[in-house]
Amino acid sequence: MKRRKTTPSGVVEAPLDPRTQVRAKEEGLPSVNEGRLRTYEPGDNVRRFLGLLSSRITRSLAVSLTACVHCGLCAESCHYFLARPDDPTMTPVWKADQIRKIFKRHVDWTGRVAPWWVKAGGPRDDEDLNRLKNIVFGSCSACRRCTYNCPMGVDTGLLVRFTRGLLTELGIVPEGVFNVSRDQWETGNQMAVTETDYLETLEWMRDEVRTELGTDAIDIPVDRQGADILYTINPREIKFDPRSIAHAAKIFHTAGESWTLPNWGWDQTNFGLFSGDDKLGAYVARNVYEAAERLRTKRIVISECGHGYRSTRWEGYTWAGYDQKLPTESVVVTLKRYLEDGRIAVDRTRNTEPVTFHDSCNIARSGDLVEEPRDVLRRVCTDFREMFPNRRENFCCTGGGGLLSMAEYRPLRLEVAKIKADQLRATGAELVCTMCHNCVDGLNDVIKHYKLPMRVVQVLELVSNALVVPGTNERTKHRL
Amino acid sequence: MAHIEIEGRRIEVNEEGFLAHPEEWTEETARLLAKAEEGLDGLTAEHWAVVKFIRDYYLEKNLAPMVRKMCQATGFPLMKIYDLFPSGPAKGACKVAGLPKPDGCV
Ligand code: SF4
Ligand code: SF4
Ligand code: SF4
């Protein structure tokens, strides 16, 4: 029998590194003391893992665990496998089978628990659980492209997130995932930005826009009661790249919008989506929803962020068990409305470089927002061109699923980014636009590694650049 | 552990190109990191103003400064930071200043 040629598995062998977990325990952080943030304890983890597995199985998970017919169709949709075609451990089905076989051994499809010790196999010790960690965190960006292409409706993305959630309960997680979860539990935002730093950065951006437009009438309001829009952002905007806040402020001002940021509950990102921890997901999302309620706003608007959009717009309401009372939308939808209603005027000849659009997995495939960004781009750019594949079939930027915060998996991530690099290069575009801060960093890594002559932009930047501000005939200096 | 080789020197870095042992940073390391990671041939006084501020802030607080603090301390406008360090404040300037990778989606 002829054997298929295989290369050694690309799964990264990263050891469990609980150093920052130990420190968090020593410091007695409230989230650790109160059991919200779980830390690693050597001991009976396999038994706990199996117990959690059987208690958490839902009907849709059971379907995804049992319906796979191993047809292999999904392999071709995964950028890991496409870039390493001789490595079976990169296929979605192999990754899902690692949890599937544990399930089959220990729990049957009705969810009835079989005694876990009946059969050997499955994870034997913490080492095995750590290996599982390296698969579900390190070899999958949770982009759900395989899910979208499975004829049996198997949701491998869901299985991956589910497994991540079990490991998170045991503290068997990459260091980066622990650190970001810690910061979001402890400070309400994933970059541990203090209230003072938050407010001062907003004031700084307000002053920048005032200078740019030559008017003091512009404000970046915080906690304004009864504003129409509650604007929520990604902490990365505050900490490292606040230009997007200035762009938004300039556009809101020009559109005559009544808006506010909240003093608390402003982080729309949500590491619970990546770590699989629904409790964290609920906590962060609830902060946003309660801010809107407290300020009696009519709408929640989410700045450009893929996983934040998916979490706040869709899954957060479920995690938090919160009745959705307000329309919750991406700022790109808001921009589209301004353009259609004539609330802002734009001059597309200010954006003449060829620009292509990268659909974020969490926005297109998992968020159902597909044509709106294109409508906006066609109005503000002269040369918009699609990449192929696109829309719900687009390839991940490769930094999804929280991978940007897990340095140990970066070499594999950049290797399989070859697929993304080829796709970007084929467009011949000079700009790649995306409505996700995470994708910005993911794409920047790809561009740098593969030396592509491209720059990443976001929708707000292009709209801000094309914006015609009444009273100023000239184009405002585009320094922000 | 990954490393970069440059000008006959070997620098231990993590997989993201951030210094593996941030305490071992020297000005020479900064120059080499800037060349290897940011494609910069030599650092100007303006680069050094940013790098030294970040370095001091980190040694004092064990934390990467916000970009606002970088601008305040140096008097540079925001865009200047991007002009100086193509990969931006976090993956550019903080890396050259020998900080560990900042936490979060960056
Ligand atoms: S997950 Fe779906 S596409 Fe993939 S092997 Fe199973 S049935 Fe086939
Ligand atoms: S979710 Fe994406 S990265 Fe993960 S196995 Fe499926 S296609 Fe591959
Ligand atoms: S980072 Fe962007 S492309 Fe990648 S999974 Fe998230 S949304 Fe998708």
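Here is what the cut-offs are and how they apply
- Residues numbered from 1 in each chain as written.
- Chains lettered and ligands numbered in written order.
- Predicted model: local features only at pLDDT ≥ 70, side-chain atom pairs only at ≥ 80, totals over all residues.
- Heavy atoms only, no water.
- Domains from an automatic or database assignment.
- Buried area = accessible area lost by both parts, 1.4 Å probe.
- Salt bridge = Lys/Arg side-chain N within 4 Å of Asp/Glu carboxyl O.
- Polar contact = N/O pair within 3.5 Å; in protein donor to acceptor, adjacent residues only side chain to side chain.
- Helix = DSSP H or I, 4+ residues; strand = E, 2+ residues; numbered from the N terminus.
- Nonpolar A, V, L, I, M, F, W, Y, C, P; charged D, E, K, R; others polar.
- Pairing = 2+ DSSP bridges.
- Buried < 20%, exposed > 50% of the residue type's maximum accessible area, 1.4 Å probe, protein only.
- Right-handed = clockwise from strand over helix to strand, strands pointing away.
- Core = buried A, V, L, I, M, F, W, Y, C linked by side-chain atoms within 4.5 Å.
- Contact = heavy atoms within 4.5 Å.
- 1 Å grid on protein atoms, 1.4 Å probe; cavity = no way out; pocket = protein on both sides within 12 Å on 5 of 7 lines; lining within 4 Å.
- Points joined across faces, edges and corners; volume = space filled by probe spheres on them.

Novice: Would you mind showing me how to read the domain arrangement of chain A here?
Specialist: For interface size, the figure often reported is the accessible area lost on association. Residues and elements named next belong to chain A. Each domain of chain A was delimited in the assignment, giving domain 1 (41-170), domain 2 (190-339) and domain 3 (345-469). Distance between the C-alpha centres of domain 1 and domain 3: 30 Å. In total, about 1800 Å² of surface goes out of reach between domain 1 and domain 3, with carbon and sulfur atoms giving 61% of it. Broken down residue by residue, the surface that domain 1 buries against domain 3 is led by His 79, Arg 145 and Tyr 148, which jointly contribute 32%. At the surface where domain 1 touches domain 3, the tally comes to 2 salt bridges. Inspection of the region where domain 1 meets domain 3 yields 7 residue pairs in polar contact (both at pLDDT 80 or more). Those elements that provide at least two residues to the side of domain 1 that touches domain 3 are α5 (79-83), α7 (126-136) and α8 (145-148). In the side of domain 1 that touches domain 3, the residues fall into 9 nonpolar, 7 polar and 5 charged.

Novice: Just to check I follow, could you spell out the sheet that holds strand β2 (residues 259-260) of chain A for this structure?
Specialist: Strand-to-strand pairing in sheets goes through backbone hydrogen bonds, with the strands running parallel or antiparallel. Residue and element names in this part refer to chain A. With respect to topology, 4 strands assemble into an open sheet ordered β2-β1-β3-β4, the strand pairing being parallel. Only two strands of the sheet have a single partner each, and these edge strands are β2 and β4 (328-330). Taken together, the 2 bridges between strand β1 (residues 229-232) and β2 define a ladder with parallel strand orientation. Counterpart to Ile 229 in the pairing with β2 is Trp 259.

Novice: Teacher, can you tell me more about the pairing of strand β6 (residues 355-358) of chain A here?
Specialist: Two faces make up the sheet, and in a regular strand the side chains alternate between them. Residue and element names in this part refer to chain A. Side chains Val 355 and Phe 357 project from β6 onto one buried face, and the interleaved Thr 356 and His 358 project onto a second face that is buried too. Pairing geometry for β6 and strand β7 (residues 384-385), over 2 bridges, is parallel. Note on β7: the bridge partner recorded for Thr 356 is Arg 385. One crossover worth recording links β6 to the parallel β7 by way of helix α18 (residues 371-380), and it is right-handed. Across 4 bridges, β6 lies against strand β8 (residues 431-434) in parallel orientation. For Thr 356, the partnering residue across the bridge sits in β8 and is Val 432.

Novice: Any chance you could explain the pattern of salt bridges here in plain terms?
Specialist: Should their charged atoms come close, side chains of opposite charge can pair. Residues and elements named next belong to chain A. In the structure shown here, the tally under the stated rule is 61 salt bridges over all chains. With a shortest N-O distance of 3.2 Å, Arg 425 and Asp 422 are connected by a salt bridge. Of this pair, Arg 425 and Asp 422 both sit in helix α20 (residues 418-427), 3 residues apart, which is roughly one turn of that helix. Residue classification places Arg 425 among the partly exposed positions, given a relative accessible area of 43%.

Novice: It is not clear to me how the sheet that holds β7 of chain A should be interpreted in this structure. Could you clarify?
Specialist: Here we have 4 strands laid out as an open sheet, ordered β7-β6-β8-β9 (chain A), and parallel in their pairing. Strand pairing shows two members of the sheet lacking a second neighbour, β7 and β9 (455-457) of chain A, which therefore form its edges.

Novice: Which parts of the structure should I look at to understand the nonpolar core?
Specialist: Burial of nonpolar side chains together is a common tendency in soluble globular proteins. Residue and element names in this part refer to chain A. Core analysis: the largest hydrophobic core is formed by 90 residues, its most contacted members being Tyr 231, Ile 238, Val 459 and Leu 462. Two domains share this core, each providing at least three of its residues, namely domain 2 (190-339) and domain 3 (345-469). Not counting residues within four places of it along the chain, the set of residues in contact with Leu 462 comprises Asn 351, Val 355, Leu 377, Val 380, Cys 381, Leu 431, Cys 433 and Val 457. Formed by 72 residues, the second largest nonpolar core is a distinct cluster that contains Val 32, Leu 52, Tyr 80 and Leu 280.

Novice: Help me out: how do you make sense of empty space enclosed by the protein in this one?
Specialist: Remark: the empty space left among the atoms is shown by a probe the size of a water molecule rolled over them. Residue and element names in this part refer to chain A. By the definition in use, this model includes 6 cavities of 30 Å³ or more. In this structure, the largest cavity encloses a volume near 140 Å³. Secondary-structure elements contributing two or more residues to the lining of the largest cavity are α6 (92-106) and α8. For the lining of the largest cavity, a count of residues per class yields 11 nonpolar, 5 polar and 1 charged.

Novice: Just checking my understanding: could you explain the environment of Tyr 309 of chain A for this structure?
Specialist: Residue and element names in this part refer to chain A. Topologically, Tyr 309 is positioned in helix α16 (residues 306-320). The sequence separation of Tyr 309 and Ser 330 amounts to 21 residues, and the corresponding C-alpha distance is 6.6 Å. The contact partners of Tyr 309, leaving out residues within four places of it in the chain, are Gln 268, Ile 302, Trp 314, Glu 329, Ser 330, Asn 362, Ile 363, Gly 367 and Leu 369.

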